[in-house]
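Here is how the chains run, residue by residue.
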Amino acid sequence: MNVFLRELRAYRASTITWVVTLCSLVVVFMSLYPAFTQDVATTREVFEQFPDVVMVALNISLASFFTIYGFFGYLLGFATLAGAIQAMNLGTGVISKETTGKTADFLLTKPVTRWAVVSAKLGAALVLLVVTNVVFSGVAYGVATVMADEPFEASTFLLMASTLFLVQLFFLALGALFSVTIPRIKSVVAVSLPTVFTFYIVGMLGDVLANDEVRFITPFKFFETSDIIADGALDGVSLAILGGFCVAAIGLSYLIYARKDIRSSV
């Protein structure tokens with residue numbers, strides 16, 4: 001029994017759905033870029049009528065919105081939210097489904113250790129996220145190349161796109177930790193959606209209240225597109241926080257699952 005391949009097949013359809021959704025989002029939204037930049041002065045006047053709190057909540061910065069970087073950065077906020085849900089679903093469901101489906105005891109009777117099971121499942125989830133991001137980044141860059149009316153650095157653009165994957169790593173690790181600590185998860189969506197939206201709302205409130213400390217709390221604020229555009233690099237402190245959290249969450253997931261009592265399906 002190859003657990004890794006089984007998980008790839010099990011989540012193949014849902015991954016294709018997420019890839020199509022994310023790519024459709026970027027194609028539709030980026031195709032609007034010429035319309036926004038055709039008459040920048042008029043569009044800017046429209047945005048200036050909005051209250052500042054609305055502009056901040058929507059993460060719209062007029063300083064960069066009319067560039068391909070700024071426009072893509074605005075889109076990336078929504079794409080990251082969707083990608084976080086995908087990753088949280090994978091992290092929470094890939095392990096807990098054995099308990100929910102009452103197949104955990106059968107799986108663990110096979111000649112394979114618990115650590116190997118967790119490794120295979122998380123490895124499959126990671127591969128699915130990598131595939132999602134490779135396709136998303138490729139499509140986003142291709143559309144941007146067609147729609148942009150000014151030259152832009154591919155390295156900066158793809159660095160911005162990589163933040164989707166980095167945020168997904170956070171929620172994959174968090175979902176894995178939830179899957180081994182919550183006794184019985186009846187609905188993955190009921191766990192993943194509230195969790196993701198809570199972090200998203202915290203980030204939005206932090207922007208509205210101008211609280212910079214929120215970037216240490218929510219992964220949605222780890223990597224600001226404005227900073228990436230200005231510096232051409234990812235924030236080192238945020239990378240360290242992300243790496244530390246993922247290592248700690250995954251490590252705890254291994255330890256807890258290795259000692260966890262598995263109920264018999266009989």
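Residues numbered from 1 in each chain as written. Predicted model: local features only at pLDDT ≥ 70, side-chain atom pairs only at ≥ 80, totals over all residues. Heavy atoms only, no water.

Novice: Whenever I open this one, the packing of aromatic side chains confuses me. Can you help?
Specialist: Any aromatic ring pair is given by two values, namely how distant the centres are and how the planes are angled relative to each other. What the rule picks out here adds up to 28 aromatic pairs. An aromatic cluster is present here, built from Phe29, Tyr33, Phe36, Phe47, Phe50, Phe65, Phe66, Phe71, Tyr74 and Phe78 joined pairwise through their rings. (Phe/Tyr/Trp six-rings, centres within 6.5 Å; stacked < 30°, edge-to-face > 60°.)

Novice: Explain the pattern of salt bridges here, please?
Specialist: Side-chain pairing between opposite charges can occur once the charged atoms of the two side chains come close. Going through the model one piece at a time under the given rule, you end up with five salt bridges. Salt bridges sharing common partners tie together Arg6, Glu7 and Lys121. (Salt bridge = Lys/Arg side-chain N within 4 Å of Asp/Glu carboxyl O.)

Novice: In this structure, what is going on with the packing of helix H2 (residues 12–30) against helix H8 (residues 114–147)? I would like to understand it.
Specialist: A packed helix pair is summarised by two numbers, namely the angle formed by the two axes and the spacing between the axes. At a minimum axis distance of 9 Å, the contact between H2 and H8 shows a crossing angle of 20°. In terms of orientation, H2 lies roughly parallel with respect to H8. Crossing of H2 against H8: the hand is right-handed. Here Thr15, Val19, Leu22, Cys23, Val26, Val27 and Met30 of H2 lie close against H8, whose contacting residues are Leu128, Thr132, Val135, Phe136, Val139, Ala140, Val143, Ala144 and Met147. (Axes fitted to C-alpha atoms, helices over the stretch in contact; angles between N-to-C directions. Helix = DSSP H or I, 4+ residues; strand = E, 2+ residues; numbered from the N terminus. Parallel < 35°, antiparallel > 145°, perpendicular 65-115°, else oblique. Left-handed = near helix turned anticlockwise from the far one by under 90°. Contact = heavy atoms within 4.5 Å.)

Novice: Before we go on, may I ask you to explain the nonpolar core in this structure?
Specialist: Ranked by internal contacts, the top residues of the largest apolar core, which has 67 residues, are Met30, Ile68, Phe72, Phe136, Phe171, Val196 and Phe220. Within the residue set of this core, elements represented by two or more residues are H2, helix H6 (68–100), H8, helix H9 (154–181), helix H10 (188–208) and helix H12 (236–259). The element contributing the most residues to this core is H6, with 17 residues. Contacts of Phe171, omitting those with residues within four sequence positions, involve Ala84, Ala87, Met88, Val196, Phe199, Pro219 and Phe220. (Core = buried A, V, L, I, M, F, W, Y, C linked by side-chain atoms within 4.5 Å. Buried < 20%, exposed > 50% of the residue type's maximum accessible area, 1.4 Å probe, protein only.)

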